[in-house]
Amino acid sequence: MEMCKSVYEKIIEHSRREMPLEACGYLGGKGRTVVEAYSLTNIDQSGEHFSFDPKEQFDAVLTMRKKKQRAVAVYHSHPETPARPSQEDIRLAIDPEIIYVIVSLAAAEPEVKAFRIVKQEVTEEPVVVIDGLSTEEPENWEKQWNVKNSR
Amino acid sequence: MRLTINGEKKEIAPESMTVTELLIHQGVEMPDMVSVQVNGDFIERDAFDSKVVKEGDEVDFLYFMGGGHR
């Protein structure tokens, strides 16, 4: 999976900002390249679990559709544990089409890894961080969403 | 009937079906683990068996996304 550097940096920054809670969101892509991160609210508000807010989830997917992107991956953070799927991650990974990205902040340097999880079988997917190709300003979606939801 | 499912126009053989029937038709193995909107309105899970979709409806469904680090 290719990921624009701006997206890579954004999901790490989001994960740090949410500490000690788990951060989560979608990664929108064009082809095989992730070009935009969509930060979502972890409605569990927990450092051990995450769940997407269903309304935000629909809003993000509809926004991606308008931008001719597709939901390539979901990401979440592990504030204190390594970047590998937990038993709970595997049990709840029910969308076979999507890639699961985990950002670990357990060590001094953040670690980002990606996995396919199909019928509870886990396969690591290499993450290639690339410069450029970010077709959208990553903050735009968040700003639009915040405005809409503050009404 | 013609439906728009997750943004794609599709022709579905029955003229009407419930949300649960549609999800199964679309290969969703665990209908209890998806959120559904019909024409932009959220459908509660306990209404999946009674809500009928019809010609021209726009149906979106998304898998529950969650996990944890244990």
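No experiment lies behind these values; they were computed from the predicted model shown.

Calculation notes
Every residue gets a number counted from 1 within its own chain, in the order that chain's sequence is written. Lettering of chains starts at A and numbering of ligands starts at 1, both following the order in which they are written. With the structure being a predicted model, the display of local features is reserved for residues of pLDDT at least 70 and the display and counting of side-chain atom pairs for 80 or more, all residues being used for whole-chain, interface and lining totals. Helix and strand labels come from DSSP, where a helix needs a run of H or I of at least four residues and a strand needs a run of E of at least two; each type is numbered from the N terminus. To sort residues by exposure, count the other C-beta atoms lying within 10 Å of each residue's C-beta; 20 or more gives buried, 12 or fewer gives exposed, and values between give partly exposed, all with C-beta atoms placed from the backbone. We call two residues in contact whenever the C-beta atoms placed from their backbones are within 7 Å. The span expected for a helix works out to 1.5 Å for each residue beyond the first. Taking the helix axis as origin, the arc is that swept by the directions to the C-beta atoms. All amino acids are sorted into three groups, where Ala, Val, Leu, Ile, Met, Phe, Trp, Tyr, Cys and Pro are nonpolar, Asp, Glu, Lys and Arg are charged, and the leftover types, Gly among them, are polar. One requirement defines pairing of two strands: DSSP has to find at least two bridges between them.

## Concerning the overall build of chain B
Next up, step 1: Assigned secondary structure in chain B consists of one helix and eight strands.
Next up, step 2: Listed by position from the N terminus, the elements making up chain B come as β-β-β-α-β-β-β-β-β.
Next up, step 3: With respect to the principal axes defined by its C-alpha atoms, chain B has extents near 45 × 25 × 20 Å.
Next up, step 4: Classification of the 70 residues of chain B by burial places 21% in the buried group.
Next up, step 5: Once local pairs closer than 6 in sequence are excluded, the contacts in chain B between residues at least 24 apart make up 58%.

## Re unusual backbone geometry
Next up, step 1: Cis geometry marks the peptide bond from M19 of chain A to P20 of chain A; its omega dihedral reads 5 degrees.
Next up, step 2: Within the secondary structure layout, P20 of chain A lies in the loop between α1 (5-18) and β2 (24-30).
Next up, step 3: Despite not being glycine, N6 of chain B has its phi angle at roughly 50 degrees, a positive value.
Next up, step 4: Along the polypeptide, N6 of chain B turns up in the loop between β1 (2-5) and β2 (8-11).
Next up, step 5: C-beta crowding within 10 Å serves as the criterion here: with 13 such atoms nearby, N6 of chain B is assigned to the partly exposed category.

## Considerations on helix α2 (residues 54-66) of chain A
Next up, step 1: When the terminal C-alpha atoms of α2 of chain A are compared, their 18 Å separation across 13 residues agrees well with the 18 Å that a helix rising 1.5 Å per residue should span.
Next up, step 2: Along α2 of chain A, the positions that sit buried rather than exposed are Q57, A60, V61 and M64 of chain A. Here the buried residues of α2 of chain A occupy an arc of 95 degrees about the axis, which is enough to place them on one side.
Next up, step 3: Buried residues along α2 of chain A sit in contact with β2, β3 (33-40) and β5 (70-78) of chain A together with β4 (34-38) and β7 (58-63) of chain B.
Next up, step 4: Two residues or fewer past α2 of chain A, K68 of chain A is found with a positive phi of approximately 60 degrees.

## Side note on α1 of chain A
Next up, step 1: Between its first and last C-alpha, α1 of chain A extends 20 Å over 14 residues, near the 20 Å set by a 1.5 Å rise per residue.
Next up, step 2: Taken together, the buried positions of α1 of chain A are occupied by V7, Y8, K10, I11, I12, H14, S15 and E18 of chain A.

## Quick look at the interface of chain B and chain A
Next up, step 1: Across the contact, 15 residues belong to chain B and 21 residues belong to chain A.
Next up, step 2: Looking at the side of chain B that touches chain A, the elements that each hand over two or more residues are β4, β7 and β8 (66-68) of chain B.
Next up, step 3: Here the side of chain B that touches chain A is composed, by residue class, of six nonpolar, seven polar and two charged.
Next up, step 4: Two elements, strand β4 (residues 49-51) of chain A and β8 of chain B, share three bridges in a ladder whose sense is antiparallel. Within β8 of chain B, the residue paired with S51 of chain A across the bridge is G66 of chain B.

Structural measurements only, silent on function.
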